[in-house]
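The lines below spell out each chain.
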Amino acid sequence: MSVASAAEQAFRSTHGTEPAGLWAAPGRVNLIGEHTDYNDGFVLPFAIPQQTVAAVAPFAGPGWTITSDLVNETVSFETTGPGEVQGWAGYVAGIVWALQDAGFDVPPARIALSSDVPLGSGLSSSAALESAVLTALTDLGGFDLPVAARPGLAQRAENVYVGAPTGIMDQSASIRCEQGKALFLDCRSLEVEQIPFDLAAEGLAILIINSNAPHQHVDGEYGARRKSCEEGARILGVPALRDVTPDELDEALAKIDDEVIRRRVRHIVTEDQRVLDTVDLLRAGRAREIGPLLTASHVSMRDDFEITVDQVDVAVEAALASGAYGARMTGGGFGGCVLALIDTDKAETTTAAIEMAYEQRGFTAPTIWPATPAQGARKL
Ligand code: GLA
């Protein structure tokens, strides 16, 4: 059954009526630009076909009732403030709160959710959930909320309501990505450029390797990275690390005594440049050549930002050894997914090589599939 049918069915069986409509929002893969978003830098994600669908109908109220077929649970609330609704439903309540806080009169609604975005895998299942609900409530309420302003609102739900100090990339990807394109986002100006990303035309594919080593943002590591970056910017006297260019990097590093902060700063400054270089190559139709940039990004995340784990390092090494042009962990880190750029006809060889490497190391088997750039949030 499709995710849309599952959401519709969940709505019917919970409420005994039909939803007014179905709204979908995808998960994402980040091609390159990791942890650069909250440093006002550059990112290049694309949406994946896996999505969350919200079946929604207004009702007399008061309040909101949310059902998820993933957990088989129904949660209701009438008014809400940061942190009041916990767990998965907190992301939905967070969107209601963020809309209200921005001055919108959110209509009471019944919401049934279904999703096939893998949870806790660095593919932004939470942003997909937030974005589906935000798009639905915005449509139902008839709000004048430009698409470019929506990711920031969803990010507030996550930062202030849920309490996870994440950047703006995931919600931007889920809301603003277009089919067949990668989203080049300047996280300071919020300007976007849709970069054509039709790999199949060049005989290329991106494999997603879910390491099945689960990650967690709400734990301290993500926040600790963010703090180190902010401290680095403070020491260097710049608004954000985005303001340090690669040419200025050596001089900047010499001003920082703390070895850990130095490494974090180096990752961000070099990663921003790798995003710009990747975009240049893609604009020139030279996708095959982005491989070394992807791999350099991984090395930087492993050695300087220190956010990888054995499972993702092994997947990257095995992919490269089997002939991938480049490979890197994608997403917040500490587990999650790896992406590998390969020739289309190498998919089986690379898959088998990674599976074998996992078996040899005694890791839980990975899940591997090819990714195609999909459409962002929309009414179905
Ligand atoms: C998570 C966060 C994003 C971003 C990435 C790392 O996905 O939600 O804002 O910081 O990690 O690039």
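Computed from a predicted model, the values in this text were never measured in an experiment.

### Here's the deal with the site of the ligand
Alright, step 1. Around the ligand, the structure places 12 residues, and the nearest of them are Glu 34, His 35, Asp 37, Asp 170 and Tyr 222.
Alright, step 2. Note that an oxygen atom of the ligand is positioned 2.7 Å from one of the backbone N or O atoms of His 35.
Alright, step 3. In this structure, an oxygen atom belonging to the ligand sits 2.6 Å away from a side-chain N or O atom of Asp 170.
Alright, step 4. Protein chains bury 98% of the 300 Å² of accessible surface belonging to the ligand in isolation.
Alright, step 5. Of the residues contributing to the shell around the ligand, the split by class is three nonpolar, five polar and four charged.
Alright, step 6. Built from parts of two domains, the shell around the ligand gets at least three residues from each of domain 1 (3–196) and domain 2 (199–371).

### With respect to the domain arrangement of the protein chain
Alright, step 1. When the domains of the protein chain are assigned, the result is domain 1 (3–196) and domain 2 (199–371).
Alright, step 2. Between the C-alpha centres of domain 1 and domain 2 the distance comes to 25 Å.
Alright, step 3. Summed over both sides, the interface between domain 1 and domain 2 buries roughly 3300 Å², with carbon and sulfur atoms accounting for 64% of that surface.
Alright, step 4. On the surface where domain 1 and domain 2 come into contact, there are four salt bridges.
Alright, step 5. Between Arg 328 and Glu 34 there is a salt bridge, with its nearest N and O atoms 2.6 Å apart.
Alright, step 6. Taken together, the links from domain 1 to domain 2 amount to 20 residue pairs in polar contact (both at pLDDT 80 or more).
Alright, step 7. Secondary structure elements with two or more residues in the side of domain 1 that touches domain 2: strand S1 (21–30), strand S2 (42–43), strand S3 (45–58), strand S7 (181–186) and strand S8 (192–196).
Alright, step 8. Among the elements that take part in the side of domain 1 that touches domain 2, S1 stands out by supplying three residues, more than any other.

### Looking at the pairing of S1
Alright, step 1. Burial of S1 is extensive: 10 of the 10 residues sit out of reach of the surface.
Alright, step 2. Taken together, the nine bridges between S1 and S3 define a ladder with antiparallel strand orientation. Paired with Asn 30 across the two strands is Pro 45, which belongs to S3.
Alright, step 3. Pairing geometry for S1 and strand S13 (residues 378–379), over two bridges, is antiparallel. Residue pairing for S13: Trp 23 is matched across the bridge by Lys 379.

### Comments concerning the side chain of Glu 34
Alright, step 1. Among the secondary structure elements, Glu 34 is positioned in the loop between S1 and S2.
Alright, step 2. A relative accessible area of 1% places Glu 34 in the buried class.
Alright, step 3. Of note is the side chain of Glu 34, whose polar atom sits 2.9 Å from the side chain of Asn 30.
Alright, step 4. From its side chain, Glu 34 meets the backbone nitrogen of Gly 331 in a polar contact 3.0 Å long.
Alright, step 5. Beyond its immediate sequence surroundings of up to four residues, Glu 34 is in contact with Met 169, His 267, Ile 268, Glu 271, Met 301, Arg 328, Met 329, Thr 330 and Gly 331.

Definitions and cut-offs
Residues numbered from 1 in each chain as written. Predicted model: local features only at pLDDT ≥ 70, side-chain atom pairs only at ≥ 80, totals over all residues. Heavy atoms only, no water. Near = heavy atom within 4 Å. Polar contact = N/O pair within 3.5 Å; in protein donor to acceptor, adjacent residues only side chain to side chain. Areas by Shrake-Rupley, 256 points an atom, 1.4 Å probe, with all protein chains shown as cover. Nonpolar A, V, L, I, M, F, W, Y, C, P; charged D, E, K, R; others polar. Domains from an automatic or database assignment. Buried area = accessible area lost by both parts, 1.4 Å probe. Salt bridge = Lys/Arg side-chain N within 4 Å of Asp/Glu carboxyl O. Helix = DSSP H or I, 4+ residues; strand = E, 2+ residues; numbered from the N terminus. Buried < 20%, exposed > 50% of the residue type's maximum accessible area, 1.4 Å probe, protein only. Pairing = 2+ DSSP bridges. Contact = heavy atoms within 4.5 Å.

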